[in-house]
Amino acid sequence: MLDQVLYAIPFLLPGLLVTIEVSLITVAISTVIGVALGVGLVYGQWPLRWAIRGFSDIIRGIPILVLLFFVYYGLPLTGINLNNFAAAVLGLTIFKIAQVIEYVRGAIESVPRGQMDAAKSIGLPFHERLAYVIAPQALRRFLPPWLNGVTDAVKGSALISLLGVGDLLFGIQKVVGRTYEPLALYCFGALVYFALNYALSLASRALERRFSYIRE
Amino acid sequence: MSGKPTGATPLLRIKGVQKSFGSTHVLRGIDLDVARGEVVTIIGPSGGGKTTLLRCVNFLETYDRGSITIDGAEVGYRDGEARKRRTETDLARMRAETGMVFQLFNLFPHLTAAQNITLGLTRVRGLGRAEAGDKAMHWLKRVGLADKAGHLPSELSGGQQQRVGIARAVAMEPKILLLDEITSALDPELIGEVLDVVLSLAADGMTMLIVTHEIGFARDASHRIVFMAEGTVGAEAPPAEIFSPNQPNERLRSFLGRFSAAHRL
């Protein structure tokens, strides 16, 4: 069994890198856009709030696989042709943005209203109230779900093998196709995913501890 | 308190201010002037609009009608133009001229006592780090908390937190200080230390508009007391007149009666 795993490793390495790459891109882009839209959802004028609310509700109501198929197979009908890698990243990112929006909303709303009042009363303009008063306190509430979401992104990225993107799962399936040893290889694949996510959750616990000193 | 200050034009002028929350008419046309160096205290039953009025003065609440000016400048709305909201930068600049101390302290929990004070000094007043730090220490000393400069709010008692709250507001050198029921959330034995700080600021000539349920304090600290009920000013007079047994306003008499029954005045 060990032989089969050792044999497979060189074939799986490129897939593992693709899984990490897709996860990183998805998390980075969705965090930047999701934070901006989340702030818009809480503080924006009503047309903006409604638009963001609608986007988030719709996306979160669609299974991620449907979203991936829509982007890859559906969008070409409107003239937007994406290769499978781009379609995979776009689908996962859209899905993740909707989640990040909700993490941000929840985190900001967990900060007592009086904090905004106090920040206003010393004359801080909006962006400084956000940067120096709200964000540092909201961060503590934002981190746990967001870090959870990062592991979700790694796990969810396995779906992109269905678009033919050569990620870790895709690599495993190719080797299984040649060796007919599914048990050993899927066990090994599960172990690799687990190791990746366990490392992430250890990092997340350390981060949470780092911010636990903020108490109301 | 003696020596009522006299000023040609009032520092704060509230004229015909009205405010509704939905169908509830909270402020029904308030007129109130506060002169430079004057301490004015608003008393009255809960739900009478006292806190809302105070929050309108630094535009934490919008007002529907009337005008509020500080040093002649309209708060919240642009001068001349009819009820056009000031820009965000403009509003921030206006708010820096009024200091506010809150019932629930509202200290920034992620910052130390000193940092709570320096945030506004560096970001809004543009002071350098060292200068802001010196100023924060000066005010912490003044409220008796020099040794707590590096403590987070969660490490301070309620009374200490509120004294930092006062230091944070006055360090900005506002033209007027607004105190919103600043002792209501405190244990009885901690109230004195906070009120002492307010009295010492009054002695310095700080202009203050105070909302409080501490009737005894209102009597001792104020040049003038305003009785507010149901969104209107019911009575407005120096403490001696307000507490006079011949006070003509029946609502005020019954309000004070209930208080003197509960507390020894």
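Residues numbered from 1 in each chain as written. Chains lettered and ligands numbered in written order. Predicted model: local features only at pLDDT ≥ 70, side-chain atom pairs only at ≥ 80, totals over all residues. Heavy atoms only, no water.

Help me understand the overall build of chain B, please; the structure alone is not making it clear to me.
Assigned secondary structure in chain B consists of 9 helices and 10 strands. Here chain B has a C-alpha radius of gyration of 18 Å; the compact-globule value for 265 residues is 18 Å, and the two agree. Taken over 265 residues, chain B has a buried fraction of 55%. Across chain B, contacts joining residues at least 24 apart in sequence account for 64% of those joining residues at least 6 apart. Carbon and sulfur atoms make up 48% of the accessible area of chain B, which amounts to about 11,200 Å² in all. The average position of the 32 basic charges and that of the 30 acidic charges among the side chains of chain B differ by 4 Å. (Helix = DSSP H or I, 4+ residues; strand = E, 2+ residues; numbered from the N terminus. Rg over C-alpha atoms; globule rule 2.2 N^0.38 Å. Buried < 20%, exposed > 50% of the residue type's maximum accessible area, 1.4 Å probe, protein only. Contact = heavy atoms within 4.5 Å. Areas by Shrake-Rupley, 256 points an atom, 1.4 Å probe, with all protein chains shown as cover. Lys, Arg positive; Asp, Glu negative; His and termini not counted. Charge placed at Lys NZ, Arg CZ, Asp CG, Glu CD.)

What is the right way to read the interface of chain B and chain A from this model?
One widely used convention gives an interface's size as the accessible area the parts lose upon coming together. Taken together, the contact pairs 23 residues of chain B with 22 residues of chain A. Carbon and sulfur atoms make up 61% of the area that chain B and chain A hide from each other, which totals about 2,000 Å². Together, B:Pro109, B:His110 and B:Arg123 form the three largest contributors to the area buried by chain B at its contact with chain A, with a combined 28%. For A:Arg129, the salt bridge is made with B:Glu88, and the minimal N-O distance between the two is 3.0 Å. Between chain B and chain A we count 7 residue pairs in polar contact (both at pLDDT 80 or more) in total. Contributions of two or more residues to the side of chain B that touches chain A are made by helix 2 (88-95), strand 6 (98-101) and helix 3 (113-123) of chain B. (Buried area = accessible area lost by both parts, 1.4 Å probe. Salt bridge = Lys/Arg side-chain N within 4 Å of Asp/Glu carboxyl O. Polar contact = N/O pair within 3.5 Å; in protein donor to acceptor, adjacent residues only side chain to side chain.)

Explain the pairing of strand 1 (residues 12-21) of chain B to me, please; I cannot follow it from the model alone.
On a regular strand, one side chain projects to one face of the sheet and the next to the other, so that they alternate. All names here are of chain B. Relative to strand 2 (residues 24-34), strand 1 is paired through 8 bridges, and the arrangement is antiparallel. Within strand 2, the residue paired with Ile14 across the bridge is Leu32. The hairpin turn running from strand 1 into strand 2, its antiparallel successor, is 2 residues long, and Gly22 in that turn takes a positive phi close to 60 degrees. Sheet topology note: the strand 1/strand 4 (residues 65-70) ladder contains 5 bridges and is antiparallel. By the bridge assignment, Arg13 is partnered in strand 4 with Thr69. (Pairing = 2+ DSSP bridges.)

Teacher, can you tell me more about the packing of helix 5 (residues 113-121) of chain A against helix 6 (residues 126-156) of chain A here?
How two helices sit against one another is set out by the angle between their axes and by the gap between those axes. All names here are of chain A. At their nearest, the axes of helix 5 and helix 6 sit 10 Å apart, and the two run at 140 degrees to each other. Between helix 5 and helix 6, the angle falls in the class oblique. The way helix 5 lies across helix 6 gives a crossing that is right-handed. On the side of helix 5, the interface is formed by Gln115, Met116, Ala119 and Lys120, while helix 6 contributes Phe126, Arg129, Val133, Ile134 and Gln137. Residue composition of the contact of helix 5 with helix 6, by class: 5 nonpolar, 2 polar and 2 charged. (Axes fitted to C-alpha atoms, helices over the stretch in contact; angles between N-to-C directions. Parallel < 35°, antiparallel > 145°, perpendicular 65-115°, else oblique. Left-handed = near helix turned anticlockwise from the far one by under 90°. Nonpolar A, V, L, I, M, F, W, Y, C, P; charged D, E, K, R; others polar.)

Quick question: what am I supposed to make of helix 8 (residues 182-210) of chain A here?
Three or four residues apart is the spacing at which side chains of an α-helix point the same way, because the helix has 3.6 residues per turn. Residue and element names in this part refer to chain A. When the terminal C-alpha atoms of helix 8 are compared, their 42 Å separation across 29 residues agrees well with the 42 Å that a helix rising 1.5 Å per residue should span. When we look at burial in helix 8, the residues that qualify are Ala184, Leu185, Phe188, Gly189, Val192, Tyr193, Asn197 and Ser204. Check the buried side of helix 8 and you find it contacts helix 1 (2-43), helix 6 and helix 7 (168-179). (Expected span 1.5 Å × (residues − 1).)

Just to check I follow, could you spell out the packing of aromatic side chains for this structure?
Two descriptors summarise a pair of aromatic rings, namely the distance from one centre to the other and the angle between the planes of the rings. Residue and element names in this part refer to chain A. Tallying each qualifying case throughout the model produces 12 aromatic pairs over all chains. Considering the side-chain rings of Phe142 and Trp146, the 6.0 Å spacing of their centres and the 25 degrees angle between planes classify their relative orientation as stacked. In this pair, Phe142 and Trp146 both sit in helix 6, 4 residues apart, roughly one turn of the helix. For Phe142, a relative accessible area of 11% gives the class buried. (Phe/Tyr/Trp six-rings, centres within 6.5 Å; stacked < 30°, edge-to-face > 60°.)

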